[in-house]
Amino acid sequence: MKRNSFLQMAGMGLLSMPLMAAPLSAIASERSARKIRQPRYLQPGDTIGITCPAGFALEETIQPCKIILESWGYKVRLGETVGKTDHTFGGTDAERATDFQRMMDDPEIHAILCATGGYGTVRIIDQLNFSYFRKHPKWIIGFSDITVLHSHLHQVVGMASIHAKMCGSFPKDWEQADEIQKATILSIKDALEGRKVNYPAPTATANRYGMAEGKIIGGNLKILENLNGSASMIQTKGKILVLEDVGEPLYNIDRMFCNLLRSGKLDQLSGLIIGGFTNIKVDNPAVPFGRDIYTIVQEKISTFNYPVCFDFPVGHIKNNFALKMGMPHRLTVSPEKVELQEI
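I will try to describe carefully the structure that is included in this document. (Residues numbered from 1 in each chain as written. Predicted model: local features only at pLDDT ≥ 70, side-chain atom pairs only at ≥ 80, totals over all residues. Heavy atoms only, no water.)

### Re the overall build of the protein
Within the protein one finds ten helices and 13 strands. Over its C-alpha atoms the protein spans a radius of gyration of 19 Å, differing by no more than 12% from the 20 Å that the globule rule assigns to 343 residues. When its C-alpha atoms are laid out on the principal axes, the protein stretches across 60 × 50 × 45 Å. Residues counted as buried form 55% of the 343 residues belonging to the protein. (Helix = DSSP H or I, 4+ residues; strand = E, 2+ residues; numbered from the N terminus. Rg over C-alpha atoms; globule rule 2.2 N^0.38 Å. Buried < 20%, exposed > 50% of the residue type's maximum accessible area, 1.4 Å probe, protein only.)

### With respect to the sheet that holds strand β10 (residues 308-309)
As summarised here, the arrangement of the seven strands in space is β6-β13-β12-β7-β8-β9-β10, forming an open sheet in which the pairing is mixed. The sheet terminates laterally at β6 (198-201) and β10, the two strands that pair on one side only. Sheet analysis places strand β9 (residues 271-278) next to β10, joined by two bridges and oriented parallel. By the bridge assignment for β10, Leu-272 is matched with Val-308. (Pairing = 2+ DSSP bridges.)

### So, the pattern of salt bridges
If you walk through the whole model with that rule in mind, you get 20 salt bridges. Between Lys-222 and Glu-225 there is a salt bridge whose closest N-O contact spans 3.4 Å. On the criterion of helical spacing, the pair formed by Lys-222 and Glu-225 is a turn pair, its members being three residues apart in helix α8 (residues 221-227). Of the residues examined, Glu-225 reaches a relative accessible area of 15% and is grouped as buried. The salt bridge involving Arg-291 is made with Glu-299; its shortest N-O contact spans 2.7 Å. When its relative accessible area of 35% is taken as the criterion, Glu-299 is described as partly exposed. Three or more residues joined by partner-sharing salt bridges are found here, namely Lys-189, Asp-190, Glu-193 and Arg-195. (Salt bridge = Lys/Arg side-chain N within 4 Å of Asp/Glu carboxyl O.)

### Side note on unusual backbone geometry
Of note in the backbone geometry, Ser-144 takes a positive phi value of approximately 65° without being a glycine. Looking at the element boundaries, Ser-144 is found in the loop between β4 (139-142) and α6 (147-157). For Ser-144, a relative accessible area of 12% gives the class buried.

### Details of the environment of Glu-244
Relative to the elements of secondary structure, Glu-244 occurs in strand β8 (residues 240-246). Given a relative accessible area of 0%, Glu-244 falls into the buried group. The sequence separation of Glu-244 and Val-287 amounts to 43 residues, and the corresponding C-alpha distance is 25 Å. In this view, Glu-244 contacts Phe-143, Ser-144, Gly-219, Asn-220, Leu-221, Gly-275, Gly-276, Phe-277, Val-314, Gly-315 and His-316; residues no more than four positions away in its chain are not counted. Polar contacts involving the side chain of Glu-244 include one to the side chain of Asn-220, which spans 3.3 Å. Within the structure, the side chain of Glu-244 is placed 2.8 Å from the side chain of His-316, a separation counted as a polar contact. (Contact = heavy atoms within 4.5 Å. Polar contact = N/O pair within 3.5 Å; in protein donor to acceptor, adjacent residues only side chain to side chain.)

### Considerations on the packing of aromatic side chains
Applying the stated criterion to the full structure yields eight aromatic pairs. Between Tyr-41 and Trp-139 the ring centres are 5.5 Å apart and the planes differ by 20°, which places this aromatic pair in the stacked class. With a gap of 98 residues between them, Tyr-41 in the loop between α2 (24-33) and β1 (47-51) and Trp-139 in strand β4 connect regions that are remote in the sequence. Since its relative accessible area comes to 22%, Tyr-41 is described here as partly exposed. Residue classification places Trp-139 among the buried positions, given a relative accessible area of 0%. Ring plane angle 20° and centroid distance 5.9 Å describe the contact between Phe-304 and Tyr-306, whose orientation is recorded as stacked. Since its relative accessible area comes to 17%, Phe-304 is described here as buried. The lysine or arginine in question, Arg-208, covers the ring of Tyr-306, its NZ or CZ lying 5.5 Å from the ring centre. Sitting above the plane of the Phe-289 ring, Arg-291 keeps its charged end 5.8 Å from the centroid. (Phe/Tyr/Trp six-rings, centres within 6.5 Å; stacked < 30°, edge-to-face > 60°. Lys NZ or Arg CZ within 6 Å of the ring centre and 35° of its normal.)

This is the structure we're talking about:
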């Protein structure tokens, strides 16, 4: 998360030779080396569109987010999928793809906030045409299932994006929100307006010390496993990989890490950030899996020597801070501190 791959590659100039003469490895290498572009930062008066590329979101759920965005000086335009349902989806595949395409192509919309995650983005990613978007890029914001878009934007489109909370995480009453909730929401504003992130994280005994520099990539582990083998899957060499997940049993987390290891996605990283792995399911209480998230990761990276940090504030957790995906960062992991800085 190609039917449009030929046209997309042609638009990027990757098909200057006959198709059979362009092996996938060469295309992947060229995409990996290509510079990631950055949409312009927002300013008061700009418009943020809200749409549902995956699960459904009711308009009343969107209202607290809309009110806060407007208090920051932005205009907000709700997409036609807001309030629509097709079982768990925010409208049919065609409706969701059409709404997202309309927002990408609308010159009066300057950023797109995905209303919610859930599931469904992978069902529409091949229906989207990024031709206009490449010429007139805008920030796309979200996480969880929106990892499909982050990965595709990085690998196929060559565009930065923002991994951050979505509409349901905005407080109904800003004055009653706690400091962590406010800080994570304000980190979205900082990212949209061009302020560089500098996030501290708690130290963990399982951390591996060192300093790494590279573009931030990644997101939800399950989504990345599903994308592996597709044109949308990120090339990880020399990059800082961020991983998080929710609601998975430990054996399945182990299996997903095995997938990344066996496909070479872990062996040439610059650094590895493990965010929240929450609501872990117990598959068989009578026979425990016998490994926690720390052990699972340590087993998979034992032969590599890049820095690794655990318990970073990103994922399906309250302290889920905004990250500019595709932008260069420096990760510092030491006994005294863990810090991620945009550079």
